[in-house]
Amino acid sequence: MSQTILLPTLRQLRFLVTLAEEGNFSRAAEVCSVTQPTLSAAIKELEATLGVILVERGARGAALTPAGEAAVERAYTTLAEAEDLVQAARAAGEPLSGPFRLGVIPTIAPFLLPRLLPVVSAAHEKLQLYLREDLTARLLEGLRARTLDAALIALPYDAPGIESVAVGGDEFLFAAAPHHRLAQQSSISPRDLDDEKLLMLEDGHCLRDHALAVCSASATRTDFAATSLHTLAQMVKSGLGATLLPRLAVEGGVADGLGLDVKPFTPAVIGREIGIAWRKGSAREAEARLIAGVVEGLL
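Note that the coordinates shown come from a computational prediction; the quantities given were computed from them, not determined experimentally.

The topology assignment puts Arg279 in strand β10 (residues 261-279). A relative accessible area of 8% places Arg279 in the buried class. Among the polar contacts made by the side chain of Arg279, one reaches the main-chain carbonyl oxygen of Leu143 at a distance of 3.2 Å.

Okay, here's the thing in structure tokens:
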């Protein structure tokens, strides 16, 4: 006769991950809307079920043991999969309803979301869209950890376990102050950037890599690295150098009122492909593709 194995409850796992995030029993209890004794008792019951000590209790708070850290990592996955089950069942009856967690990279978010959100909200009134702006690598981590359902990123981006679909290209435009040597040219090609001093975004932004791919090896970069396209445009206005700006950002107003000379390359240079990504096997894939269709209509 097989022995019955006692299993943790989702409630206990939720308490554990909240305690890990807060590092304190009283704060974790407040977040979970329970009393501290209730949360503490649930953690002890979980420890008894697993047969290991998960949390070291001290005057300054709570610290996870190695077993606790391993349990928390798996608890995140278990809770996310349980939520996936609920969302899959709901989505089967009514797509794009309930909470949907969408990540967006910073070089897309401020220029696309103001147009995207009203369209999605009007078409899917029951959708509760939660947004997170972050760099591509961290958004993909969120997809794998199931804290995000989909992410708007720039392609190509090779990431195991992640699937994506392209929704449209984003052209690079040359931007410089009016007195720049290239400002008066009627047309410009990437070869004109040879030996040019270019301003770039800081490391970590995929747009930086796409811009470097357009420039020749002889193009130089300044020591200044911007944290956003708005800052980059301001630095160009100050005469520190020229840069490449995505058309999406220019049409979104990133250079408005700065008096910059902004022009396309001849022939046009597609600097990046915009796409939407999701975790392979995600229950929200169909909804991610629906949002991709909306974005494609806006580009």
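It is the rolling of a water-molecule-sized probe over the atoms that shows where space remains empty. Estimates place the volume of the largest pocket at around 200 Å³. Along the walls of the largest pocket sit Arg14, Val17, Thr18, Glu21, Tyr76, Leu79, Ala80, Glu83, Arg101, Ala145, Arg146 and Thr147, which together make up its complete lining. Among the secondary structure elements, those contributing two or more residues to the lining of the largest pocket are α1 (10-22) and α4 (66-93). Classifying every residue of the lining of the largest pocket gives five nonpolar, two polar and five charged.

Before going further, it helps to spend a moment on α1. For α1, built from 13 residues, the straight-helix expectation of 18 Å at 1.5 Å per residue is met to within 8% by its first-to-last C-alpha distance of 18 Å. Residues of α1 that are buried: Gln12, Leu13, Phe15, Leu16, Val17, Thr18 and Leu19.

With 15 residues, helix α5 (residues 109-123) ought to run about 21 Å at 1.5 Å a step, and its terminal C-alpha atoms sit 20 Å apart, in line with that. If you look at α5, its biggest bend is around 30 degrees, right at Leu116, and the proline Pro118 turns up within four residues after that. Three or more residues of α5 are buried, namely Ala109, Phe111, Leu112, Leu113, Leu116 and Val120. In this structure, the buried residues of α5 make contact with β3 (98-104), β4 (127-133), β5 (150-155), α8 (229-237), α9 (247-251) and α10 (285-298).

Let's shift gears to unusual backbone geometry. In this structure, Pro267 follows Thr266 across a cis peptide bond, with omega equal to 0 degrees. Note on placement: Pro267 falls in strand β10. We note that Ser33 has phi near 60 degrees; this positive angle belongs to a residue other than glycine. As for its placement among the helices and strands, Ser33 is situated in the loop between α2 (25-31) and α3 (36-50). Judged by relative accessible area, which is 67%, Ser33 ranks as exposed. Despite not being glycine, Arg146 shows a phi value in the positive range, around 65 degrees. Within the element layout of this structure, Arg146 appears in the loop between α6 (136-144) and β5.

Each value, and the rule that gives it
Residues numbered from 1 in each chain as written. Predicted model: local features only at pLDDT ≥ 70, side-chain atom pairs only at ≥ 80, totals over all residues. Heavy atoms only, no water. Helix = DSSP H or I, 4+ residues; strand = E, 2+ residues; numbered from the N terminus. Buried < 20%, exposed > 50% of the residue type's maximum accessible area, 1.4 Å probe, protein only. Polar contact = N/O pair within 3.5 Å; in protein donor to acceptor, adjacent residues only side chain to side chain. 1 Å grid on protein atoms, 1.4 Å probe; cavity = no way out; pocket = protein on both sides within 12 Å on 5 of 7 lines; lining within 4 Å. Points joined across faces, edges and corners; volume = space filled by probe spheres on them. Nonpolar A, V, L, I, M, F, W, Y, C, P; charged D, E, K, R; others polar. Expected span 1.5 Å × (residues − 1). Bend = angle between axes of the 7 residues up to and from the residue. Contact = heavy atoms within 4.5 Å.

That's the geometry; what it means functionally is another story.
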